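Residue strings, one per chain:
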Amino acid sequence: MGALKPWHIAVLVVVLILLFGAKRLPDAARSLGRSLRIIKAETKSLADDDRDLAGKADAQAGYQPYPPQQSAPPPQQQPYQGTVQQPVVDPVQRVREN
């Protein structure tokens, strides 16, 4: 009773052609296929993300925190013994001054 028979499909195709026209049907089918591909890829990536998060949570469950380290004395400050850097002069300004 609820089975789809071949003549039902033929009537459906004729109605679609009358409503949308023969020129728009391939474009509509192409757009529908792209949309379905995008939806499929997104649902797959969501499922992969869930699996990745579950795997990371399981992997992190076995980690133990590091023991506290003994603090070392602060390093001694050495006086600065380098050379004084000359100020940077703009080459265009140097040419204008000469």
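As shown above, the structure is provided for reference.
For clarity, every value in this text was computed on a predicted model and none was experimentally measured.

J.: What exactly am I supposed to notice about the overall build of the chain here?
T.: Helix and strand content of the chain: 3 helices and 0 strands. When the helices and strands of the chain are read in sequence order from the N terminus, they spell out α-α-α. For the chain, the residues scored as buried account for 0% of the 98 residues in total. With the model as given, the accessible surface of the chain reaches about 10,300 Å², and the carbon-plus-sulfur share is 61%.

J.: I'm lost on helix α1 (residues 6-20) in this one. Help?
T.: Along an α-helix, residues three or four apart share an orientation, since each turn contains 3.6 residues. The first and last C-alpha atoms of α1 sit 21 Å apart over 15 residues, in line with the 21 Å expected at 1.5 Å per residue. Just beyond α1, the residue with positive phi is Gly21, at close to 90 degrees.

J.: Looking at this structure, how should I read a nonpolar patch on the surface?
T.: The grouping of Trp7, Val11, Leu12, Val15, Leu16, Leu19 and Phe20 at the surface amounts to a nonpolar patch, some 710 Å² of accessible area in total. In this fold, Trp7 is placed in helix α1. Residue classification places Trp7 among the exposed positions, given a relative accessible area of 55%.

Rules behind the numbers
Residues numbered from 1 in each chain as written. Predicted model: local features only at pLDDT ≥ 70, side-chain atom pairs only at ≥ 80, totals over all residues. Heavy atoms only, no water. Helix = DSSP H or I, 4+ residues; strand = E, 2+ residues; numbered from the N terminus. Buried < 20%, exposed > 50% of the residue type's maximum accessible area, 1.4 Å probe, protein only. Areas by Shrake-Rupley, 256 points an atom, 1.4 Å probe, with all protein chains shown as cover. Expected span 1.5 Å × (residues − 1). Patch = residues over 30% accessible without salt bridge, like charges linked within 9 Å, V, L, I, M, F, W, Y side chains within 5 Å. Salt bridge = Lys/Arg side-chain N within 4 Å of Asp/Glu carboxyl O.

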